[in-house]
Amino acid sequence: MGDNDELDFVEEDYYATLNLPRNATQEEISKAYRYLSRIFHPDKHGNGENKEKAELMFNRTKKAYEVLSDSHQRAIYDSLGVKGLETEGWEIVHRTKTPNEIREEYERLAREREERRLQQKTNPRGNIAVHINATDFFSRYDDELYDTGFLPAIEVSGMSMSQSIEAPLSRTEIATLSGSLHLQNGVGSGNFLLSGKRLINKGWFEIDCGAGNGPVLGAKGSRNLTNRVFFTGGTTFHIRPNAIIPGLTGTIAIQLDKHTVGYLTYNAGLQNSMSTVVEKNTEKYHCNLTATLGIPHCFIAAGYTRKLLEQGLKLRIALKGGTFGFLSECGAEKKISKYSSVSATVCVGVPSGVTLRIKIVRSTQTFLFPIHLSDEIIPAAVFYATVTPLLTYCVLKKMLFDPLNETAKQKHIEKVKETNRTRMAEKRREAESAIALMGALYERIRMEELKCQGLVIISAMYGKFRDIENVSVEETDNMGFVQHNPFLIDVRIPLQCLVKDSRLTLYASSKSELPGFYDPCFGEEKQLKIDYEFRNNTFSSVFDDLDSVHLPVVSNVS
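Computed from a predicted structure; not experimentally measured.

Trainee: What is the right way to look at the overall build of the protein chain in this model?
Mentor: Secondary structure summary: the protein chain contains 10 helices and 26 strands in total. Residues classed as buried in the protein chain amount to 37% of the 558 residues present. Long-range contacts, defined as pairs at least 24 residues apart, comprise 44% of the intrachain contacts of the protein chain with a sequence gap of at least 6. Entry remark: accessible area of the protein chain is about 33000 Å², with carbon and sulfur atoms responsible for 58%.

Structure below.
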């Protein structure tokens with residue numbers, strides 16, 4: 001995607017190191033550790049170069065076991081990864097990194113701290129709304145006075161802008177300065193507000209002062225009454241030349257169940273109303289029902305949003321009806337990057353007509369473009385309001401978003417490669433060391449499997465394939481790379497060493513963390529191609545990097 005704020009450092013996958021599922025039991029963890037320890041224990045490899053390689057692999061295996069066998073460390077690792085284990089307070093403690101890696105990470109963290117410090121100091125938020133009148137597209141004036149020629153007239157009928165910044169004064173006190181400007185049909189207005197918030201036990205308290213259409217003074221606060229009930233209320237005083245207009249608002253919220261909250265709100269002052277809201281929010285959907293009694297309008301509204309998280313998509317429908325008329329909404333929101341999204345909503349109502357609302361969210365900035373297409377419900381306006389955003393998004397995605405995201409992705413991959421250059425070289429050395437130590441075990445397991453006509457790995461290639469059908473072990477060089485394709489490595493030996501009782505099981509994680517493996521093409525999609533023999537028959541299977549592997553395939557066992 002366009003925003004690449006993933007971790008810049010490749011972390012260890014301790015589960016893959018021991019070839020275990022993430023829900024492995026303590027018994028399975030101990031069994032896997034004992035098996036790998038027998039392979040890599042330094043005492044089994046003399047005093048030469050092999051002993052140094054064994055110490056490297058044994059320490060890696062031991063570290064994985066120490067973390068996963070300790071329930072507290074394992075819980076931290078499962079939630080936060082290796083960085084969570086190395087964190088003390090807000091600082092990162094480095095234990096096993098080289099001086100170059102320490103310096104690189106220190107510089108990176110220093111930059112990130114400065115960026116976070118600036119962001120936390122101000123926490124800027126902004127909204128811009130541009131109201132566009134495009135009714136001339138579908139209902140042109142016949143009067144010569146309003147003749148605009150061949151092209152229909154498009155007018156900016158109004159604009160609104162708001163911005164706020166925060167300044168933390170202490171751990172419990174925050175000052176906020178916000179302002180807004182509004183322009184509608186040539187008439188403008190604006191206001192600003194200075195607020196001071198203090199966090200107190202079970203809640204907060206805030207004092208506001210500002211100016212717009214006269215000075216404004218106010219105070220509000222919130223407090224948890226119980227674990228399931230909280231109250232928010234406030235009062236304001238609008239000071240006009242001949243009067244002081246008080247305002248009062250209060251909301252009681254009740255947690256009805258894990259996903260459902262009910263709100264009861266009362267407003268008195270410039271507008272008087274009482275409303276009840278029931279809202280349910282889960283991982284898959286969000287729905288709400290609102291009933292409002294007020295002056296000048298009373299209404300009932302309902303909305304439903306379906307969340308398609310894997311596609312980064314939200315689909316929403318809403319209905320609203322009352323003394324003002326009727327309004328229906330149908331729209332979609334698409335996440336185009338980690339912090340950016342775009343949405344389009346078609347609003348059809350009486351007497352409002354047809355409006356297309358385009359919203360673009362970029363981090364804390366929101367851009368809204370309500371485009372008024374017709375004063376009446378015209379089928380052509382509804383059709384174009386529905387189809388045009390979809391076609392526009394498809395064209396922009398193909399011609400703009402995808403190329404930009406691919407470019408950003410490649411830049412991020414190169415950045416991570418550079419940041420992890422030392423670490424990736426170390427991973428390759430570890431893999432070569434592991435394979436060098438597996439020679440005797442490989443021959444023993446292979447001979448045992450041949451005798452019982454069990455599972456014998458003929459060839460196994462891991463990485464990025466150009467032609468996945470025509471790669472064999474004979475094409476590899478003495479470094480384990482496939483000739484003419486440096487993005488593939490030979491992993492026949494480590495896979496055969498993982499065969500137990502004529503079965504090979506690899507769990508759903510990146511294979512690059514398995515003993516004897518490393519990542520030959522960081523950032524690229526990888527596959528694992530295995531040619532094997534079972535019961536004197538030859539088979540071939542291909543797996544994506546994150547797929548689980550179970551050999552022989554069930555259909556071959558008959």
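Having seen the model, we can carry on.
Trainee: Would you mind showing me how to read the nonpolar core here?
Mentor: Where a protein is soluble and globular, its nonpolar side chains tend to be buried together. Core analysis: the largest hydrophobic core is formed by 51 residues, its most contacted members being F40, L495, L504, L528 and I530. Apart from residues lying up to four places away in sequence, F40 is in contact with H45, A54, M57, F58, T61, A434, L437, M438 and P515. In terms of nonpolar packing, the next biggest core, distinct from the first, is built from 12 residues, I132, V354, I371 and A385 among them.

Trainee: Is there a simple way to think about helix α8 (residues 421-437) in this case?
Mentor: Two residues of an α-helix separated by three or four positions point the same way, owing to the 3.6 residues in each turn. Between the first and last C-alpha of α8 there are 25 Å, a value that for 17 residues agrees with the 24 Å anticipated at 1.5 Å per step. Listing the buried residues of α8 in full gives R423, E426, K427, E430, A431, S433, A434 and L437. The arc enclosing the buried residues of α8, seen along the axis, measures out at 165°, which places them on a common side.

Trainee: Before we go on, may I ask you to explain unusual backbone geometry in this structure?
Mentor: Backbone phi values are negative for most residues with the exception of glycine, while trans is the configuration of most peptide bonds. Put simply, I295 and P296 share a cis peptide bond, and its omega is 20°. Within the fold, P296 resides in the loop between β13 (285-295) and β14 (299-308). Cis peptide bonds are those with omega within 30 degrees of zero, and the linkage from V350 to P351 qualifies with 10°. A positive phi angle is found at N19, which is not glycine, with a value near 55°. Within the element layout of this structure, N19 appears in the loop between α1 (14-17) and α2 (26-40). Here N19 falls in the buried class, since its relative accessible area comes to 13%. In this model, K202 sits at a positive phi of 65°, which is unusual for a non-glycine residue. By the secondary structure assignment, K202 is in the loop between β6 (187-200) and β7 (203-212). By relative accessible area, K202 is classed as exposed at 51%.

Trainee: I'm lost on the packing of aromatic side chains in this one. Help?
Mentor: Geometrically, a pair of aromatic rings is defined through the distance of the ring centres and the angle of the planes. In this structure the tally under the stated criterion is 8 aromatic pairs. Centroid distance F299 to F324: 6.3 Å. Interplanar angle 80°. Geometry classified as edge-to-face. Placement of the pair is F299 in strand β14 and F324 in the loop between β15 (313-322) and β16 (325-335), with a sequence separation of 25 residues. Their ring planes at 65° and their centres at 5.5 Å tell us that Y462 and F517 sit as a pair that is edge-to-face.

Trainee: Looking at this structure, how should I read the environment of I435?
Mentor: Note that I435 resides in helix α8. Taking relative accessible area as the criterion, I435 reaches 26% and is therefore assigned partly exposed. Each C-alpha atom of the pair I435 and I493 lies 6.7 Å from the other, and the pair is 58 residues apart in sequence. Filtering out sequence-adjacent residues up to four positions away, I435 remains in contact with D490, I493, P494 and G516.

Trainee: What am I meant to see in the side chain of S374 here?
Mentor: Tracing the backbone shows S374 in strand β19 (residues 365-374). At a separation of 2.5 Å, a polar atom in the side chain of S374 contacts the main-chain carbonyl oxygen of E376. Excluding residues within four positions of it along the chain, S374 makes contact with T135, S352, G353, V354 and A381.

Trainee: Where do I start with the environment of K511 in this structure?
Mentor: Among the secondary structure elements, K511 is positioned in the loop between β23 (504-506) and β24 (527-534). It is 8.3 Å that separates the C-alpha atoms of K511 and L528, two residues lying 17 residues apart in sequence. What K511 contacts, discounting residues up to four positions off in sequence, is Y462, L506, F517, D544, D545, L546, D547 and V549. From its side chain, K511 meets the backbone oxygen of D547 in a polar contact 2.5 Å long.

Trainee: Explain a nonpolar patch on the surface to me, please; I cannot follow it from the model alone.
Mentor: Residues L225, F231, L248, I252, I254, L256, L264, Y266, M274, V278, L289 and I300 make up a contiguous nonpolar surface patch of roughly 1100 Å² in combined accessible area. Sorting the residues of the nonpolar patch by element identifies β10 (243-255), β11 (260-268) and β12 (272-281) as the ones contributing at least two each. In terms of residues, the nonpolar patch owes the most to one element, β10, which gives 3 residues. Inspection of the secondary structure puts I254 in strand β10.

Trainee: Mind showing me how you'd approach the pattern of salt bridges here?
Mentor: One side chain can pair with another of opposite charge once the charged atoms of both are near each other. According to the stated counting rule, one finds 17 salt bridges in the structure shown. Residues D402 and K397 are paired through a salt bridge, measuring 3.2 Å at the closest nitrogen-oxygen approach. We classify K397 as partly exposed; its relative accessible area is 32%. Close ionic contact of E432 with R428 constitutes a salt bridge, the shortest N to O distance being 3.1 Å. Of this pair, E432 and R428 both sit in helix α8, separated by 4 residues, roughly a single helical turn. By relative accessible area, E432 is classed as partly exposed at 31%. Residues joined by salt bridges that share partners form a network here, namely E12, R60, K427, E430 and E513.

Calculation criteria
- Residues numbered from 1 in each chain as written.
- Predicted model: local features only at pLDDT ≥ 70, side-chain atom pairs only at ≥ 80, totals over all residues.
- Heavy atoms only, no water.
- Helix = DSSP H or I, 4+ residues; strand = E, 2+ residues; numbered from the N terminus.
- Buried < 20%, exposed > 50% of the residue type's maximum accessible area, 1.4 Å probe, protein only.
- Contact = heavy atoms within 4.5 Å.
- Areas by Shrake-Rupley, 256 points an atom, 1.4 Å probe, with all protein chains shown as cover.
- Core = buried A, V, L, I, M, F, W, Y, C linked by side-chain atoms within 4.5 Å.
- Expected span 1.5 Å × (residues − 1).
- Arc of directions from axis to C-beta.
- Phe/Tyr/Trp six-rings, centres within 6.5 Å; stacked < 30°, edge-to-face > 60°.
- Polar contact = N/O pair within 3.5 Å; in protein donor to acceptor, adjacent residues only side chain to side chain.
- Patch = residues over 30% accessible without salt bridge, like charges linked within 9 Å, V, L, I, M, F, W, Y side chains within 5 Å.
- Salt bridge = Lys/Arg side-chain N within 4 Å of Asp/Glu carboxyl O.

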